[in-house]
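Coordinate inspection notes
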Amino acid sequence: MVGQILTQKEIDQRVFDLYDEYCHGGMDRRTFLSRAAAVAAGGLAMAQALMPRYVQAQTISFTDDRIKARYVSYPSPGGNSGTMRGYLVQPKGNGPFPVVLVIHENRGLNPYIEDVARRAATEGFLALAPDGLFPVGGYPGNDDDGRALQAGLDQAKLRTDMLNSARYLKTHALSTGKLGVTGFCWGGGTTNYLAAALGADMNAGVPFYGAAAETASVPNIKAPLMVQYAENDDRINGMWPAYEAALKANGASYEMFIYPGTQHGFHNNSTPRYNEAQAKIAWDRTIGFFRKNLA
């Protein structure tokens, strides 16, 4: 059964829970595999099936004639190295374009996030996906090493690198000046952080299953938010009541969706946590939200 591709319904929820802990630094790969093997019959095959398969997950080719993609470097004062690198994807045409920052998970700029940036560009947005690991050599080609590298960075400076990335994109020569931000997992939490840090300089935010902004910072949030949650994600969902109370208390514009039958990471189409139907609904809502607020 080694290497067998299983569907989400064939994977025990306990293995999903272990994978979530593994993805967020709670254990190493060997421990994850051994614990998964112990909790369920066929648990090892389930665990192996959850490992990302990025080649199969590509939906928009980097050679797609609707876009032009390239890597760019830009200053990042106060960040981990003073310089950042990102994946910039331009729609067909001369612009200017509304812009969307696409923020990666807790493992650097992997192929899935690059694909999301290309998806945004095909919808008419100038998209930038920064690589928070650039100061330590960039995404290393696999998520295990990427996760370790990201955990080893100065986290406050990493947030500054994302803040500088947002400002670079907003003021880009091809930008209309209307900035949207979306992100996944760590990137979802960073989307919430940027909403508070940027204030009126951010025009829309769509965090996917990300940690809430610090309550004390919520009064700074001026951008409308669309908050996307997975149904089976107690760790993140438990932050929502206090976050919503703070948003309400400060008159923030927001909407929230919980997607039925989904796991944390359900938008990431490189593993069986992906829920195709719910991911499509969430992405369509995201694009509609950006079109409305970045027009």
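Reference entry: report on the structure contained in this document. Note that the structure is a prediction, hence the values are computed from the model and not measured.

The rules behind the values
- Residues numbered from 1 in each chain as written.
- Predicted model: local features only at pLDDT ≥ 70, side-chain atom pairs only at ≥ 80, totals over all residues.
- Heavy atoms only, no water.
- Helix = DSSP H or I, 4+ residues; strand = E, 2+ residues; numbered from the N terminus.
- Rg over C-alpha atoms; globule rule 2.2 N^0.38 Å.
- Buried < 20%, exposed > 50% of the residue type's maximum accessible area, 1.4 Å probe, protein only.
- Contact = heavy atoms within 4.5 Å.
- Areas by Shrake-Rupley, 256 points an atom, 1.4 Å probe, with all protein chains shown as cover.
- Lys, Arg positive; Asp, Glu negative; His and termini not counted.
- Charge placed at Lys NZ, Arg CZ, Asp CG, Glu CD.
- Core = buried A, V, L, I, M, F, W, Y, C linked by side-chain atoms within 4.5 Å.
- Axes fitted to C-alpha atoms, helices over the stretch in contact; angles between N-to-C directions.
- Parallel < 35°, antiparallel > 145°, perpendicular 65-115°, else oblique.
- Left-handed = near helix turned anticlockwise from the far one by under 90°.
- Nonpolar A, V, L, I, M, F, W, Y, C, P; charged D, E, K, R; others polar.
- 1 Å grid on protein atoms, 1.4 Å probe; cavity = no way out; pocket = protein on both sides within 12 Å on 5 of 7 lines; lining within 4 Å.
- Points joined across faces, edges and corners; volume = space filled by probe spheres on them.
- Salt bridge = Lys/Arg side-chain N within 4 Å of Asp/Glu carboxyl O.
- Phe/Tyr/Trp six-rings, centres within 6.5 Å; stacked < 30°, edge-to-face > 60°.
- Lys NZ or Arg CZ within 6 Å of the ring centre and 35° of its normal.

**Digging into the overall build of the protein**
Broken down by element type, the protein carries eleven helices and eight strands. For the protein, whose C-alpha radius of gyration is 18 Å, the value lies close to the compact-globule estimate of 19 Å for 295 residues. Along the first, second and third principal axes, the C-alpha atoms of the protein reach 55 × 45 × 35 Å. Relative to its full complement of 295 residues, the protein shows a buried share of 55%. Contacts in the protein between residues far apart in sequence, at least 24 positions, make up 69% of those at least 6 positions apart. Element-wise, carbon and sulfur atoms account for 52% of the exposed surface of the protein, whose accessible area totals about 12100 Å². On the protein, the mean spot of the 28 positive side-chain charges and the mean spot of the 27 negative ones are 5 Å from each other.

**Observations concerning the nonpolar core**
In this structure, Leu 101, Leu 169, Leu 194, Ile 221, Tyr 243 and Leu 247 are the most contacted members of the largest nonpolar core, which totals 39 residues. Not counting chain neighbours up to four residues away, the residues in contact with Leu 247 comprise Val 218, Ile 221, Leu 225, Trp 240, Ala 252 and Tyr 254. Counting 35 residues, the second largest nonpolar core, distinct from the first, contains Val 116, Phe 125, Ala 230 and Trp 283.

**Examining unusual backbone geometry**
A cis geometry characterises the amide bond from Gly 95 onward to Pro 96, with omega recorded as 5°. Position of Pro 96 among the secondary structure elements: in the loop between strand 2 (82-91) and strand 3 (97-103). Phi at Cys 185 is positive, roughly 60°, even though this residue is not glycine. Structurally, Cys 185 is set in the loop between strand 5 (175-184) and helix 8 (186-198). With a phi close to 35°, Tyr 209 is a non-glycine residue in the positive phi region. The residue Tyr 209 is located in the loop between strand 6 (204-208) and strand 7 (225-232) in this model.

**A closer look at the packing of helix 7 (residues 155-170) against helix 8**
Two elements in contact, helix 7 and helix 8, have axes whose closest approach is 10 Å; the angle formed by their N-to-C orientations is 70°. Relative to helix 8, the element helix 7 lies roughly perpendicular. For the element pair helix 7 and helix 8, the recorded crossing hand is right-handed. Across from Gln 155, Leu 158, Arg 159, Met 162, Leu 163, Ala 166 and Arg 167 in helix 7, the residues of helix 8 making contact are Trp 186, Thr 190, Tyr 193, Leu 194, Ala 197 and Leu 198. Partitioned by chemical class, the residues of the contact of helix 7 with helix 8 number nine nonpolar, two polar and two charged.

**Some thoughts on the layout of surface pockets**
Considering only enclosed or pocket space, the largest pocket measures out at about 480 Å³ in volume. In terms of lining, the largest pocket is formed by 22 residues, of which the most central are Arg 159, Gly 189, Thr 190, Ala 211 and Ala 212. Put simply, the parts of the chain that give the lining of the largest pocket at least two residues each are helix 7, helix 8 and helix 9 (234-237). The element contributing the most residues to the lining of the largest pocket is helix 8, with six residues. The volume enclosed by the second largest pocket comes to roughly 230 Å³. Along the walls of the second largest pocket sit 13 residues, with Arg 119, Tyr 274, Ala 279, Lys 280 and Trp 283 positioned nearest its centre.

**A look at the pattern of salt bridges**
When their charged atoms lie close together, side chains carrying opposite charge are able to pair. Scanning the entire structure with this criterion turns up eight salt bridges. Ionic pairing is found between Asp 64 and Arg 66, a salt bridge with its closest N-O pair at 2.9 Å. For Asp 64, a relative accessible area of 16% gives the class buried. Looking at Arg 66, the relative accessible area reads 40%, which means it is partly exposed. For Arg 291, the salt bridge is made with Glu 123, and the minimal N-O distance between the two is 2.6 Å.

**Some details on the packing of aromatic side chains**
This model, assessed by the stated rule, comprises 13 aromatic pairs. Taking 5.9 Å as the distance between ring centres and 80° as the angle between the ring planes, the aromatic pair formed by Phe 208 and Tyr 209 counts as edge-to-face. The buried category is assigned to Tyr 209, whose relative accessible area is 1%. Linked through ring pairs, Tyr 112, Phe 184, Phe 208, Tyr 209, Phe 257, Tyr 259 and Phe 266 together constitute an aromatic cluster. The ring centre of Tyr 71 lies 4.1 Å from the NZ or CZ of Arg 85, which sits over that ring. Positioned above the aromatic ring of Tyr 193 is the side chain of Arg 159, whose terminal nitrogen or guanidinium carbon lies 5.7 Å from the ring centre.

Purely geometric stuff here, so don't read any function into it on its own.
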